[in-house]
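Chains, contacts and geometry: an overview
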Amino acid sequence: MFKKILAAEDIDNIKLGVSSILKQLKIPEVVHVEYCDEAFLEFKMAIQDNAPFDLLITDLSFKESYRKERLISGEHLFKALKDVDPTIKVIVYTMEDHPQRFDSLWKSGLLDGYVCKDRRGLENLKEAIEQVAKGEKYISQHLADNVKQKNLVELNNYDIELLSLLADGATQDEIQHYFKSKNMKPFSRSSIEKRLRELRTEFGAKTTIHLIRLLADLRLI
């Protein structure tokens with residue numbers, strides 16, 4: 001079992017729930033923080049003291065701080081920690097249960113567990129900690145089922161470039177000329193329009209603007 005855990009959570013009642021689970025598991029040392037920059041500071045201090053954390057439990061979204069934060073999300077946090085110490089285990093504990101968002105994060109290879117904050121959230125979190133401590137991976141069952149049932153869209157470099165240009169206000173004509181100059185195929189106007197139709201259908205978006213907002217909310221662009 002883990003000896004030292006860093007828990008990043010900014011909602012008090014959820015923090016209490018996480019704390020109770022860690023007490024049940026008899027974790028010797030737990031540090032709770034509310035902000036990602038604070039978590040990173042605790043992490044660096046622990047390494048300097050030659051007493052590193054074994055596990056990070058983090059949400060993905062955090063309320064805005066009055067301070068200027070360098071790391072503003074759980075994703076930024078665990079990536080920063082992994083850059084310094086690739087051996088630290090990471091469990092995400094979050095309300096974000098969109099299959100596409102999960103799939104994108106899971107495929108990064110940086111996560112050991114992904115637990116949804118639902119009615120069985122704390123129970124699942126306990127199971128996740130126990131499994132990850134054994135060197136296994138853990139995903140909330142309903143999320144794993146949803147991913148299996150859906151044909152998730154793979155956003156390739158072409159898609160991301162297309163959608164990012166649209167988000168920046170480029171017209172389809174401008175995108176066509178840009179793709180042609182970079183030899184990014186297909187670059188015909190009809191091909192661009194076709195791909196946008198496919199993406200709108202896959203994500204259930206009514207318009208291209210709606211599509212951009214959905215993907216931005218999911219942090220896919």
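Placed above this text is the structure.
The paragraphs below set out a description of the structure included in this document. (Residues numbered from 1 in each chain as written. Predicted model: local features only at pLDDT ≥ 70, side-chain atom pairs only at ≥ 80, totals over all residues. Heavy atoms only, no water.)

**What to know about the packing of helix α9 (residues 189–203) against helix α10 (residues 208–217)**
Two numbers describe how α9 lies on α10: the axes approach to 10 Å, and their chain directions differ by 60°. As summarised for this structure, α9 and α10 are arranged oblique, according to the angle between their axes. In this structure, α9 crosses over α10, and the sense of that crossing is left-handed. Where α9 abuts α10, its residues Leu 196, Leu 199, Arg 200 and Phe 203 lie against Thr 208, Leu 211, Leu 214 and Leu 215. In the contact of α9 with α10, the residues fall into six nonpolar, one polar and one charged. (Axes fitted to C-alpha atoms, helices over the stretch in contact; angles between N-to-C directions. Helix = DSSP H or I, 4+ residues; strand = E, 2+ residues; numbered from the N terminus. Parallel < 35°, antiparallel > 145°, perpendicular 65-115°, else oblique. Left-handed = near helix turned anticlockwise from the far one by under 90°. Contact = heavy atoms within 4.5 Å. Nonpolar A, V, L, I, M, F, W, Y, C, P; charged D, E, K, R; others polar.)

**Some thoughts on the nonpolar core**
Judged by nonpolar contacts, the single largest core of 27 residues is most densely connected at Leu 6, Leu 56, Leu 77, Phe 78, Leu 81 and Tyr 114. Elements with a minimum of two residues in this core: β1 (4–8), β2 (29–33), α2 (36–48), α3 (74–84), β4 (89–94), α4 (99–106) and β5 (113–116). Ranked by residues supplied to this core, first place goes to α2 with five residues. Ignoring anything within four residues of it in the chain, the contact list for Phe 78 reads Leu 56, Leu 60, Val 90, Val 92, Leu 105, Leu 110 and Leu 111. Among the nonpolar cores identified, the runner-up in size contains 19 residues, and Ile 21, Ile 27, Ala 128 and Val 132 belong to it. (Core = buried A, V, L, I, M, F, W, Y, C linked by side-chain atoms within 4.5 Å. Buried < 20%, exposed > 50% of the residue type's maximum accessible area, 1.4 Å probe, protein only.)

**Considering the pairing of β4**
In terms of residue burial, β4 counts as a mostly covered element, since five of its six residues are buried. Chirality of the crossover, the property in question, places the unit of β4, α4 and β5 among those that are right-handed. (Right-handed = clockwise from strand over helix to strand, strands pointing away.)

**Some points on the environment of Ile 72**
Structurally, the position occupied by Ile 72 is in the loop between β3 (55–58) and α3. Overall, the relative accessible area of 54% leaves Ile 72 in the exposed class. With 36 residues separating them in the primary sequence, Ile 72 and Cys 36 have C-alpha atoms 6.3 Å apart.

**Considerations on α10**
Of the positions making up α10, those classed as buried are Leu 211, Ile 212 and Leu 215. Down the axis of α10, the buried side of the element spans an arc of 100°, and every buried residue falls inside it. Opposite the buried face of α10, at more than 90 degrees from it, the exposed residues are Ile 209, Arg 213 and Asp 217. Close packing links the buried residues of α10 with α7 (157–167) and α9. Where α10 terminates, the next one or two residues include Arg 219, which has phi positive at roughly 55°. (Arc of directions from axis to C-beta.)

**Some remarks on the side chain of Glu 75**
Within the secondary structure, Glu 75 is located in helix α3. Aside from chain neighbours lying at most four places away, what touches Glu 75 is Leu 60, Arg 101, Leu 105 and Arg 219.

**Description of empty space enclosed by the protein**
Applying the stated criterion to the full structure yields one cavity of 30 Å³ or more. Around the largest cavity sit Ala 7, Ala 8, Glu 9, Val 18, Ile 57, Thr 58, Asp 59 and Tyr 93, which together line it. Elements with a minimum of two residues in the lining of the largest cavity: β1 and β3. In terms of residue class, the lining of the largest cavity is built from five nonpolar, one polar and two charged. (1 Å grid on protein atoms, 1.4 Å probe; cavity = no way out; pocket = protein on both sides within 12 Å on 5 of 7 lines; lining within 4 Å. Points joined across faces, edges and corners; volume = space filled by probe spheres on them.)

**Description of unusual backbone geometry**
Residue Pro 186 is reached from Lys 185 by a cis peptide bond, and omega for that bond is 0°. With respect to the secondary-structure elements, Pro 186 resides in the loop between α8 (172–182) and α9. Phi at Asn 50 takes a positive value of approximately 60°, unusual for a residue other than glycine. On the secondary structure map, Asn 50 appears in the loop between α2 and β3. Residue Asn 50 is classed as exposed on the basis of its relative accessible area of 69%. Within the chain, Asn 183 stands out as a residue other than glycine whose phi angle is a positive 55°.

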